[in-house]
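Structural characterization, general
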Amino acid sequence: MVKYYKTDDRKIHEESGPADGVWIDMYNPTIAEGEEIAKRLGIDISDLLAPLDDEESSRIELEDGYTLILVDIPALEIRHDKEAYTTIPLGIILANDMIITVCSEETPILQAFVNGRVKEFSTKKKLRFVYQILFRIASYYQVNLRIIDKKRTEIEERIDDNTKDVDLIDLHALESTLVYFATSLRANAVVLDRLTRYKRLEQYPDDKELLGDVIVENQQAIEMTTIYRDIINGTRDLMSSVIDNRLNNVMKTLTSITLVMGIPTLVSGIYGMNVSSIPLATTQYGFGLICLLIVIICIVLLVILRHKRFL
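Below, the structure is looked at part by part. (Residues numbered from 1 in each chain as written. Predicted model: local features only at pLDDT ≥ 70, side-chain atom pairs only at ≥ 80, totals over all residues. Heavy atoms only, no water.)

The next point concerns unusual backbone geometry. For residues that are not glycine, phi is negative in most cases, and the peptide bond is trans in most cases. One non-glycine residue, N28, adopts positive backbone phi at about 50°. Topologically, N28 is positioned in the loop between β3 (23-27) and α1 (31-41). The phi angle at E120 is positive, at roughly 55°, despite the residue not being glycine. Within the secondary structure, E120 sits in the loop between α3 (108-114) and α4 (126-157). What makes E120 exposed here is its relative accessible area of 56%. (Helix = DSSP H or I, 4+ residues; strand = E, 2+ residues; numbered from the N terminus. Buried < 20%, exposed > 50% of the residue type's maximum accessible area, 1.4 Å probe, protein only.)

Structure below.
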């Protein structure tokens, strides 16, 4: 789908087609739509549709007549019937006094501009618009990182008798997401570093200050990712230790029960032998005395095991 937007008097409205100062928003465009825009603006079709390939890496390409900026953004996907986070490419193309954004799906990052939630936003200030998009991307990473940490906290609060094997799987999924985030954020950092040396368009002092803020936000997101990965590793180790400890307690209990139950089995086995010299064999109350002796031995053994914290 392709939509055209333009700001006038700080208000955004939809246009009918491309023109100077227009933002062309393309998400999940068809080949025909891509070919039409590429032909009208003189852009290589492979560059225009590059963000639709999930394997594309973040980069900047300076071509004749246009500039391609490719970065990774967070996105939701369904993994094992559950919502999970991943990263997808977002392309930003500066060409012919217009800015073009291309993504494989509609993203809240760009919807914030469409809905007028970004202050001092103008489609005519192309470079500033790019920096505002990059700032929203870094902020969106941080929002998703906090959601991931909240999910980790919920799992951690269940570390007790309610701990389940599925919690370990969920923690692994969160850790995998953080790996994707860390890789994408570092790649984005390389793009931001190159933008500091970008000379094709004039950068005003306010634009440079905004770019500095973007770099700070991106670096903060990288640090948050590292911290949350370390915390998840600690949580997973704790959960594994709790599960192992629970198994050890079960094994100790079963061993103690087996040991206690072995005493009656041993005594009955001895007295089941076909010999006449067994003590108390000819006594009138011999059977009762033997049973009483077994009970006493079992009680003593239980006390000893409890004292040793085996029960």
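Strand order in the open sheet formed by 7 strands is β2-β1-β3-β7-β6-β5-β4, with mixed pairing between adjacent strands. Looking at the sheet topology across the chains shown, the edges are occupied by β2 (11-15) and β4 (59-63). The sheet shows a mean angle of 25° between the axes of neighbouring strands, taken without regard to direction. Across the face of the sheet, α1 comes into contact with β1 (2-8), β3 and β7 (98-103) while running at roughly 155° to β3. In the packing of α4 onto the sheet, contacts are made with β3, β5 (66-79), β6 (82-95) and β7, and the angle to β6 comes to roughly 175°. (Pairing = 2+ DSSP bridges. Axes fitted to C-alpha atoms, helices over the stretch in contact; angles between N-to-C directions. Contact = heavy atoms within 4.5 Å.)

Let us now look at a nonpolar patch on the surface. There is a patch of nonpolar side chains on the surface, built from L247, V250, M251, L254, I257 and M261 and spanning about 570 Å² of accessible area. Relative to the assigned elements, L254 resides in helix α6 (residues 205-271). (Patch = residues over 30% accessible without salt bridge, like charges linked within 9 Å, V, L, I, M, F, W, Y side chains within 5 Å. Areas by Shrake-Rupley, 256 points an atom, 1.4 Å probe, with all protein chains shown as cover. Salt bridge = Lys/Arg side-chain N within 4 Å of Asp/Glu carboxyl O.)

A few words on the nonpolar core. Among the nonpolar cores identified, the biggest contains 51 residues, and W23, L134, I137 and L195 are the most heavily contacted of them. For this core, the secondary-structure elements that each account for two or more residues are β5, β6, β7, α3, α4, α5 (165-195) and α6. With sequence-adjacent residues up to four places away left out, L134 is seen in contact with V71, L192, L195 and V214. Core analysis: the second largest hydrophobic core is formed by 17 residues, Y4, M26, I43 and L68 among them. (Core = buried A, V, L, I, M, F, W, Y, C linked by side-chain atoms within 4.5 Å.)

Now for helix α7 (residues 286-307). The periodicity of an α-helix, 3.6 residues per turn, causes residues three or four places apart in sequence to face the same way. Between its first and last C-alpha atoms α7 spans 31 Å; for 22 residues at 1.5 Å apiece the expected length is 32 Å, and the two agree. Buried within α7 are the following residues: G286, I290, I294, C298, L301 and L305. Along α7, the residues classed as buried sweep out an arc of 110° about the axis, all on the same side. α7 presents V303, R306 and H307 as exposed residues on the side facing more than 90 degrees away from its buried surface. Positioned one or two residues after α7, R309 has a phi angle of 65°, which is positive. (Expected span 1.5 Å × (residues − 1). Arc of directions from axis to C-beta.)

Read these as geometric descriptors, not functional statements.
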